[in-house]
Amino acid sequence: MCGIVGYVGDKEVAPILLDGLQRLEYRGYDSAGVAVVNGKGIEVVKAVGKLKELDGLITSNPPSGKMGIGHTRWATHGVPSDLNSHPHADRSGDFALVHNGIIENFQRLKDELGQKGHRFISETDTEIIAHLLAENYRGDVQQAVLSLIERLEGSYALAILSRHEPDKIFVVRKDSPLVIGKGQGENFIASDIPAFLKQTREFLILNDGECAQVTQDGVQIFNRQGEEIKREPLQVDWDAEQAEKGGYQHYMLKEIHEQPDALRRVMSNRIAPGKIELSELSLTPEQLRSYRRIQIVACGTAYYSGMLGKYVLEQLVRIPVEVDVASEFRYRQPLLNRQSLVIVVSQSGETADTLAALRLARKQGARVLALTNAIGSSIDREADQVLYLQAGPEIAVASTKAYITMVAAFYLLALYLAKVRGTVEEEQLTTLIAEVLRLPELAAETLISSEEMIKGRAQVYKLQENAFFIGRNTDFPLALEGALKLKEISYIHAEAYPAGELKHGPLALLEDGVPVLAIAARHSLYDKMLSNIKEVKARGADVTAITFAGQREIEESVDHVLYIPSVNELFSGVLAIIPLQLLAYYTALERGYDVDQPRNLAKSVTVE
Ligand code: F6R
């Protein structure tokens, strides 16, 4: 799980590579490196640590050249170190390459190459690929690259330079993303579109098992048999501004503030007063009526959006819904058939476990609908149907605006299925649609009303080592998501429970001053929540409640209250999550941590 970039054109390459890598740093940031082609051959500069370490080396001694590749690493094989950093080269220096993915048969290949006299200097799986290329080279680099497809097992996106054909970057991919940006007299390669959005809007998406030759003047794509393929470029309409911090201190804060717009985008062309249409789904009403159950599969934050989706789908569509973490689902021999609709949820569209779950479901005859933010991603391409989240590029590792669009996509899907399957009266449907249409406005209000109060709470949370989040019904997955956000960026141990479950064990952990965040955003369960809040308060907990405007009596039972605008309780999730995201952000900020790039994590988890 790393970021790769490449450039060939008429400009000095090192600053372009560094700039591209900076935009991909969310994919990994424990070391970085570049390889540049010039009169000396292939010059490699790399450094352990964040990109600024590499930047320092390059600034003091810039490698000159107009073509090169770069890499930002998230370690899989071998600790972060200078030697394990990419690019890796073969012994002769004829081939240098960068890699995103994992080579599963690398030990076998390493032994085989070792017997032929190859010696390795790093602990990585990547270095063997450079040696394999040198071993397979018979006067044609393209052939040597194609031979990799036959030999390598696992996942890879590779960008390769060779002294034998020094005007070309060779790329090849399987199960790891790779895009080619087309410019005028210059071309780019990258793991993800935002890397070079500043330079171009035209991108060619490489499919699994394809390779390409990228030169200053053009791009040729080939299938695994070496036959050329014609492909139309994708026009990307994000502006470069969308991929920048836009004046905020961190991407995460910017992305939290972009949520009202993200909600507008996910709804646009899909929902209007009295109308809900998901015209991009090519499923007929008969097909939509034929499903007997829904299976949701995802990881992390996307999984929590699915848990929330379950409540909404079951309530509105009256269909059984199961939700699984993808890494568990793929090994539990799930029972699926043609009457199962499988929904996979993934911001990046590249999460390895979610992709494997998608493939497993399709193999068993189920239709797969993907909710994803990443156009051209593996999940986008392999699913039967796709609903794009339209959140725009999400750079911070901790997901916020993508999460909110996932939840909104479940609202839309539930309303649409309810309409097609006739499980909600028309009048009620019109009322529910009207409520959903208010959400972007109400999200904007929530942001304004909660930020200052949450900054105050962060002063208390920053001193804690433990925190508890509780809620019922749709508020329970929110509690899980709030706890995950706090854990991943502020490194505070946070646990979430269904509020009624505390007395079955966890209550033993509560004592004076332990912070409890209670979400009471369900009118119908408000009294039950109040009782649970009293239980924790009686054990001395410091309780902050999030509830609807107007519920003033709660003030007697808690230490702090944050009010969110009142809305139909089925849809309160996209509002109540906002203060929880802000709490995680400001607490991490107060503790002095790197909010956008928390330790040990990466944005796109393309390994199992
Ligand atoms: C947490 C977070 C992760 C991701 C998870 C799935 O803030 O971002 O838990 O939600 O790794 O990623 P995607 O949605 O890309 O499949």
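Starting afresh in each chain, residues are numbered from 1 along the sequence in its written order. Two thresholds apply to this predicted model, a pLDDT of at least 70 for residue-level local features and 80 or more for giving and counting side-chain atom pairs, whereas whole-chain, interface and lining totals are computed over all residues. Hydrogen atoms and water are omitted, and side-chain values are computed over all heavy atoms in the structure.

A. A look at the pattern of salt bridges. Salt bridge, as used here: a side-chain nitrogen of Lys or Arg that lies within 4 Å of a carboxyl oxygen of Asp or Glu. For the structure shown, the criterion picks out 41 salt bridges. Here E43 and K40 are joined by a salt bridge, their closest N and O atoms 3.6 Å apart. Linking K401 and E258 is a salt bridge whose minimum nitrogen-to-oxygen distance equals 2.7 Å. Of the two residues, K401 sits in helix α13 (residues 401-421) while E258 sits in the loop between α6 (251-257) and α7 (259-267), which places them 143 residues apart along the sequence. This pair shows no difference in class: K401 is buried, exactly as E258 is. Several salt bridges share partner residues, and in doing so they unite R173, K174, D175, D208, R359 and E382 into one network. Numbering goes from the N terminus for both helices and strands, where a helix is a DSSP run of H or I of at least four residues and a strand is a run of E of at least two. Type-normalised accessible area, obtained with a 1.4 Å probe on protein chains alone, sets the label of each residue: buried when under 20%, exposed when over 50%, and partly exposed for intermediate values.

B. How the structure looks around helix α1 (residues 13-24). For α1, which comprises twelve residues, the first-to-last C-alpha distance of 17 Å matches the rise-based estimate of 16 Å (1.5 Å per residue) to within 8%. The element α1 is extensively covered by neighbouring structure, given that ten of its twelve residues are classed as buried. Within α1, burial applies to V13, A14, I16, L17, L18, D19, G20, L21, R23 and L24. For this analysis, residues touch if any pair of their heavy atoms sits within 4.5 Å. Against β1 (3-8), β2 (31-38), α2 (51-60), β4 (67-73) and β10 (187-190) lie the buried residues of α1. The span expected for a helix works out to 1.5 Å for each residue beyond the first.

C. Inspection of the packing of aromatic side chains at higher detail. The pairing test for Phe, Tyr and Trp rings, Trp by its six-membered ring, is centres within 6.5 Å, and the orientation test on the planes gives stacked under 30 degrees, edge-to-face over 60, and tilted for anything in between. For the structure on display, the rule yields eight aromatic pairs. Arranged with centres 6.5 Å apart and planes meeting at 20°, the rings of F468 and Y497 form a pair that is stacked. With F468 in strand β23 (residues 466-471) and Y497 in strand β24 (residues 493-498), the pair connects residues that are 29 residues apart, well separated along the chain. Here F468 matches Y497 in class, with each residue buried. Arranged with centres 4.5 Å apart and planes meeting at 45°, the rings of Y491 and Y593 form a pair that is tilted.

D. Representation of the environment of L530 in the model. Checked against the element boundaries, L530 lands in helix α16 (residues 526-538). For the pair L530 and V558, spaced 28 residues apart in sequence, the C-alpha to C-alpha distance is 9.4 Å. If we skip the residues at most four places from it in the chain, L530 touches I554 and S557.

E. Local environment of the site of the ligand. Around the ligand there are 15 residues in total, and S346, Q347, S348, T351 and E488 lie nearest to it. Under the rule applied, a polar contact is a pair of N or O atoms within 3.5 Å (in protein, one hydrogen donor and one hydrogen acceptor; residues adjacent in sequence only if both atoms are side-chain atoms). The contact in question runs from an oxygen atom of the ligand to an N or O atom on the side chain of K485, over 3.0 Å. A distance of 2.4 Å separates an oxygen atom of the ligand from a polar atom in the side chain of E488. Listed by contribution, the elements that provide at least two residues to the shell around the ligand are α9 (300-317) and α15 (475-490). Ranked by residues supplied to the shell around the ligand, first place goes to α9 with three residues. In this classification, the charged set is Asp, Glu, Lys and Arg, the nonpolar set is Ala, Val, Leu, Ile, Met, Phe, Trp, Tyr, Cys and Pro, and all remaining amino acids, among them Gly, are polar. The class makeup of the residues in the shell around the ligand is six nonpolar, seven polar and two charged. One heavy atom suffices: a residue is near a molecule or strand as soon as one of its heavy atoms comes within 4 Å of it.

F. Looking closely at the domain arrangement of the chain. Splitting the chain by domain gives domain 1 (3-237), domain 2 (242-437) and domain 3 (445-594). Segmentation into domains, and thus their bounds, comes from an automatic or database assignment. A separation of 25 Å is found between the C-alpha centroids of domain 2 and domain 3. Here domain 2 meets domain 3 over a buried area of about 2600 Å², counting both sides, of which 72% is carbon and sulfur. Buried area adds together the accessible area that both of two parts lose upon being put together, with accessible area traced by a 1.4 Å probe. Considering only the surface of domain 2 that becomes buried against domain 3, Y304, Y311 and Y411 emerge as the three largest contributors, covering 21% of it. Along the contact surface separating domain 2 from domain 3 lie nine residue pairs in polar contact (both at pLDDT 80 or more).

G. Molecular detail of the packing of α9 against α13. Inter-axis angles, ranging from 0 to 180 degrees, are taken between N-to-C directions of lines fitted to C-alpha atoms, where helices are fitted over the stretch in contact. With their axes 9 Å apart at the nearest point, α9 and α13 run at an angle of 25° to one another. The angle between α9 and α13 places the two elements in the roughly parallel class. The way α9 lies across α13 gives a crossing that is right-handed. Contact with α9, carried on its side by T301, A302, Y304, S305, G306, L308, G309, V312, L313, L316 and V317, involves Y403, M406, V407, F410, Y411, A414, L415, L417, A418 and R421 of α13 and no other residues of that element. Here the residues of the contact of α9 with α13 sort into 16 nonpolar, four polar and one charged. Comment on the angle field: the value is read as roughly parallel under 35 degrees, roughly antiparallel over 145, roughly perpendicular from 65 to 115, and oblique elsewhere. Definitions for this section: a left-handed crossing has its near helix turned counterclockwise from the far helix by less than a right angle. A right-handed crossing has that turn clockwise.

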